[in-house]
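Topology and contacts: notes
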Amino acid sequence: MKVDDSQKVREDKSFRILFVCLGNICRSPTAEGVVRDLAARENPPMEIVIDSAGTAGYHIGAAPDPRSQGAARRRGIDISGLRARRVEPSDYSKFDLILAMDRDNLRALQAARPDNARAQLRLFLEYAPQSGLSEVPDPYYGADRDFELVLDLCTAAARGLIDELQQRA
């Protein structure tokens with residue numbers, strides 16, 4: 001008998017987070033790298049599993065945009081090993097929290113959400129109210145400074161997210 005992985009009971013107690021943007025080459029891999037780095041440096045025993053994906057399949061298998069990699073590298077974060085993938089129906093069961101970079105992607109996630117979904121869907125910048133923004137702007141057609149802004153916003157939201165996770169523990 002074949003068992004659907006999405007229905008298996010998780011044995012580990014880690015908290016699982018998926019970051020989502022459109023193509024999974026700019027914002028969501030940046031968020032993944034920032035949260036992974038910050039959690040490792042500031043709270044190594046934190047049990048979290050982090051991944052990223054896109055709502056569209058434009059860049060499946062591609063590394064993050066070179067400008068995203070460069071901006072992250074300048075801050076000591078290596079995202080070069082990440083590869084783009086598309087959100088899958090099983091992600092809604094595998095992850096506890098799916099964080100969208102903007103409202104369009106949040107709507108796409110809500111529309112594709114299976115009935116048996118367990119993941120909570122939110123905007124990533126809800127964890128950075130001090131930013132005054134609700135969405136991480138897409139830097140794809142922008143300049144280097146736009147990729148730096150994405151890093152600033154992801155860092156602020158990552159701190160808020162990690163603080164909330166520490167309070168839950």
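Here, the structure is the one placed above.
Residues numbered from 1 in each chain as written. Predicted model: local features only at pLDDT ≥ 70, side-chain atom pairs only at ≥ 80, totals over all residues. Heavy atoms only, no water.

1. Re the pattern of salt bridges
Any two side chains of opposite charge can pair if their charged atoms end up close together. Tallied over the full model, the rule gives 17 salt bridges. Ionic pairing is found between Glu148 and Arg75, a salt bridge with its closest N-O pair at 2.9 Å. With a gap of 73 residues between them, Glu148 in helix α5 (residues 144–168) and Arg75 in the loop between α2 (66–73) and α3 (91–94) connect regions that are remote in the sequence. In this structure Glu148 comes out as partly exposed when scored by relative accessible area, which is 21%. Arg168 is the salt-bridge partner of Glu164, the closest N and O atoms lying 2.9 Å from each other. Here Glu164 pairs with Arg168, and both are found in helix α5, just four residues apart, close to one helical turn. Salt bridges sharing common partners tie together Arg74, Arg75, Glu148 and Asp152. (Salt bridge = Lys/Arg side-chain N within 4 Å of Asp/Glu carboxyl O. Helix = DSSP H or I, 4+ residues; strand = E, 2+ residues; numbered from the N terminus. Buried < 20%, exposed > 50% of the residue type's maximum accessible area, 1.4 Å probe, protein only.)

2. Here we look at the packing of helix α1 (residues 27–42) against α5
Between α1 and α5, whose axes approach to 9 Å, the crossing angle comes to 50°. Looking at the two axes, α1 sits oblique to α5. Relative to α5, the crossing made by α1 is right-handed. Across the interface between the two elements, Arg27, Thr30, Ala31, Val34, Val35, Leu38, Ala39 and Glu42 of α1 pack against Val150, Leu151, Cys154, Thr155, Ala158, Arg159, Leu161 and Ile162 of α5. Split into classes, the residues belonging to the contact of α1 with α5 amount to 11 nonpolar, two polar and three charged. (Axes fitted to C-alpha atoms, helices over the stretch in contact; angles between N-to-C directions. Parallel < 35°, antiparallel > 145°, perpendicular 65-115°, else oblique. Left-handed = near helix turned anticlockwise from the far one by under 90°. Contact = heavy atoms within 4.5 Å. Nonpolar A, V, L, I, M, F, W, Y, C, P; charged D, E, K, R; others polar.)

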